[in-house]
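Residue-level structure breakdown
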Amino acid sequence: MRPLLEMKHITKIYDSGVCANDDVSFSLEEGEIHAVAGENGAGKSTLMKILCGAEKPSSGEILLRGQKVSLHSPRDAQAAGIGMVWQHFMLVNEFPVYRNIYLGSEPKNRFGFLRDRQMIAEARELAKKYNMSVDVLAKCGELTVGQAQKVEILKVLSKGTKILILDEPTAVLTPQETDELFHQLLLLKEDGCSVVIITHKLNEIKRICDRVTVLRAGKSVGVYRVADVTEEEISSLMVGSAVSLQTEKTPSSPEGVAAEVNDLIVFGAGGKNVVNGVSFRVRYGEIVCLAGVEGNGQRETAETLCGLNRRYLGEVRVCGEDIGKRSVRRIRDLGVANIPEDRIRTGCDVGASIYDNLIALDYERENRFGFLKARAMKQKCRERMEKYSIKGTLSQKLGLLSGGNMQKVVVARELECEPSLVIADQPTRGIDVGAISFIHKKLVEMRDAGCAVLLVSADLNEVYDLADRILVFHEGEITAEIEDVKHTSEEQLGRYMLGVERMVIANE
Amino acid sequence: MNDKIKTCFRQIPKKAAAFLQSRKDAFCAWTHTQSCKNFLFGALKTAIAFLIAILSSVVVICISSDSPWENISIFFLSPFQDAYSLSYVVTQAVPLIFTGTAVCIMTRCGQFNMFVEGAFYLGAFVSAWLAPALRLPFFLLPLVCMLVSALVSGAIGYLPAKLKAKLSVNEFVSSLMLNFIVLWVVLYLLHHVVVSDEIYKTPLLEENMKLPFLDYDNDLSSSILFALGIAVLGGIFLFKTKWGYRIRMTGDNPAFAEYVGIRTERPVVYSQVIGAGVAGFGGAAFFLGNYYRFDWEALPQYGFDGFVIAIMANNNPFLVPLASFFLAYLRVGALNMARIGDVPNDVIYIIQAIIIILFGATALLKRVKTAMNRQKKEDAC
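Residues numbered from 1 in each chain as written. Chains lettered and ligands numbered in written order. Predicted model: local features only at pLDDT ≥ 70, side-chain atom pairs only at ≥ 80, totals over all residues. Heavy atoms only, no water.

When two helices pack together, you describe them by how their axes are tilted relative to each other and by the distance separating the axes. Residue and element names in this part refer to chain B. Remark: helix H12 (residues 302-312) packs on helix H13 (residues 320-340), axes separated minimally by 8 Å, with the N-to-C direction vectors making an angle of 120°. Between H12 and H13, the interaxial angle falls into the category oblique. The interaxial crossing formed by H12 with H13 has right-handed handedness. On H13, the residues touching Asp305, Val308, Ile309 and Met312 of H12 are Val320, Ala323, Ser324, Phe326, Leu327 and Arg331. Here the contact of H12 with H13 is built from residues that sort into seven nonpolar, one polar and two charged. (Axes fitted to C-alpha atoms, helices over the stretch in contact; angles between N-to-C directions. Helix = DSSP H or I, 4+ residues; strand = E, 2+ residues; numbered from the N terminus. Parallel < 35°, antiparallel > 145°, perpendicular 65-115°, else oblique. Left-handed = near helix turned anticlockwise from the far one by under 90°. Contact = heavy atoms within 4.5 Å. Nonpolar A, V, L, I, M, F, W, Y, C, P; charged D, E, K, R; others polar.)

Written out as structure tokens, the structure reads:
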């Protein structure tokens, strides 16, 4: 049987030169639920954006029922029966549900007025048909997240969609809402719809999907029948086999306490606890890795330690001091360096020069009566650029650098301020291998110099290469503390990361 | 001893040559970098924007005039015709330099504060009111007046700034409305409180209360020196001090600023207070330079011109004088054209509007830029 939809040899290179999809092929059969799995930045979203007409592929073709189609805009995709529910809802909060469902394609009478009554009736019928209980007269701003998602799905279905794409649909849902959603998706499947789910949650793939396409670093790693593979196998496909970069390092000799966290609870955006009663210590001279599937509270923990998140309960001590009321600067003054997860959004100022980016921590000291000591700092920056082999000139705009060089600027700034605690959140994401091994070496050097390193990573290679001790996070809790890193198998680690197994952690 | 000096002198040409060579090498290296490409691209874009603006003004003149060539020559040449016209260009540039610098300081922090207008007006009024009342020696008096004006304007500028930082009140709206509060309060004071020999006017300033003229016959005041000084100081403040650094980082990427430990609400406040202060200082300097009594019944619009200047100068105070002289030159030309020729003064607003649109048009010459970047992209993959 010919598949309903085929994407053949899709390659997408963005204007910035980032290669998001590299010769990816994807096929979807009628009436199946197909998962697209992969780490963040693996290219899942780009692939689906191409499918729904939001992005144009650089090369490759799309076949729908064997016919070649070209999708230049979301409207084209809609006409072809392809609809997408974005992770971040696109609803007008001030409008009632029925208006949102027909947004952009409202039925109008001869004079251009909206036919509200017709819309209400049709919306009710639609909701009933797909068995989604939602009050069509309520304002969207007053709905819960789960209900808002239903509205999004109805919006897409109202346009006669046969291929429904969901971008990480369960990221914001409670377990009950997730159950409900899955039930509805199964109903849709029976109805003849094909569903694509973008996700990195393995248990969900296992639960409702028929097949899974795994992407890694912009390439397709394969298509599998979900029944034939285990969660562990999918996970190792996503993360990649242990092609270790083999950073050389000696056993650690930790001493003292650099950071101490007791019963930390961090509140997320929806009031949900993203970190739920976590306690741990980081000692000088060791690399502690917070491992886990992304979005399980590691990032929030790291941010709290740097003072960037004030919505927390519990005690956080850094270099012997409670960070309670200290500002970010005071915490940094204690000797905390922070390599953030998102270098473009928080890690640097892409509009400013390399020089301005490099001095962000020095300028407070390197000035006389407020006037910057430009000559001294320029000299310093030149040395740093050489030491970290950053290509470019001081006055060059940072945004023009490649991802790897940009990250090296961030790392140079953070590690050259003589920190005693380095918090590195995904320091090597999306950069080239040379820069990765350079940054790994640098982190080990820092450790050997007696610095405490707290590494957040979802990349198992990185975890195995660098960690002296691993704390595994799952749903805001620590499921395991692994001292003996080299003798723990990936499978075992995977089970902790998925929360399938839990290590009994003795209270310190 | 003599020999030493001689050898020293002999080495000078050698050293100079070596220095020039090193500069030349650095320049040659620079020409191959991306930043050079960007610089050239920016220069090209600026030139094209000006060219289109001027060409369209020529077109407008041709349409609206009976003797277009005569008017065009008046428009472009009359500002240079004599010393008085030149000095008039300079005088017109003075308020633009002040308000342009003020706007640069605020927009660099991401703040679109319209109080520059009210601050300029208030500064002029405060100095006009204060000057006759003070008994101070010559030259100290205008200086004190200008500083007091700056302080008063800065203090009032604190209101929208603090509201923005504390309660996220949109500074654009609140400062725009504050302008009218200031206008009506000043008019009230002018009509009911200020005591003067003439109604609705401040007392006449004597020559020794004013900023001295550089050229009395041509009305060229020393306020231009203060204006240039402020532009340079503004540039130094933004690019060479820690406060300026904080302002720029906060304006470019607040998340980054927070993350490196800048308390962003502070630069948000002091950039606006300083901007308002600079505008108030400018109002006072302009007033004490070229006026004898204050009778402005409406906002003078110089503050809004400041935004035009800031756009032209790419928010860089060092470039503000250049942009101001250029705009003042066009304005004087247009004014003369209206006076001598038969084209209304309003042609200047057409040029101004076109310049703003073209400078704001980031997509201008996008194709050229894409072609320039294509090579880079191919290298990347």
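Residue and element names in this part refer to chain B. Domain parsing of chain B yields domain 1 (83-332) and domain 2 (346-381). Using C-alpha coordinates to define each centre, domain 1 is positioned 31 Å away from domain 2. Contact with domain 1, which involves eight residues of that partner, is made by six residues of domain 2. Counting across the domain 1 and domain 2 interface gives zero salt bridges. Run the count over domain 1 and domain 2 and you get one residue pair in polar contact (both at pLDDT 80 or more). Residue assignment for the side of domain 1 that touches domain 2 shows that the elements contributing at least two residues are H12 and H13. The residue makeup of the side of domain 1 that touches domain 2, split by class, is six nonpolar, no polar and two charged. (Domains from an automatic or database assignment. Salt bridge = Lys/Arg side-chain N within 4 Å of Asp/Glu carboxyl O. Polar contact = N/O pair within 3.5 Å; in protein donor to acceptor, adjacent residues only side chain to side chain.)

Turning our eyes to something else, we now look at helix H11 (residues 265-290) of chain B. Residues three or four positions apart in an α-helix share a direction because the helix packs 3.6 residues into each turn. The terminal C-alpha atoms of H11(B), which comprises 26 residues, lie 38 Å apart, in line with the 38 Å expected from a rise of 1.5 Å per residue. The element H11(B) is largely enclosed, with a buried count of 21 among its 26 residues. (Expected span 1.5 Å × (residues − 1). Buried < 20%, exposed > 50% of the residue type's maximum accessible area, 1.4 Å probe, protein only.)

For the rest of this paragraph, the subject is the sheet that holds strand E3 (residues 33-37) of chain A. Residue and element names in this part refer to chain A. Across the sheet, six strands lie side by side as E6-E7-E8-E3-E9-E10; this open sheet has mixed pairing. Looking along the sheet, the strands with just one partner apiece sit at the ends: strand E6 (82-85) and strand E10 (219-225). Averaged over all pairs of adjacent strands, the angle between their axes in this sheet comes to 20°, without regard to strand direction. The pairing of strand E9 (residues 211-216) with E10 spans six bridges and is antiparallel. Bridging across to E10, Leu215 finds its partner in Ser220. Packed on one face of the sheet, helix H1 (residues 44-51) meets E3, E6, strand E7 (163-167), strand E8 (194-199) and E9 and runs near 150° to E8. Along the sheet face, helix H5 (residues 145-157) touches E6 and E7 and points at about 165° away from the line of E6. (Pairing = 2+ DSSP bridges.)

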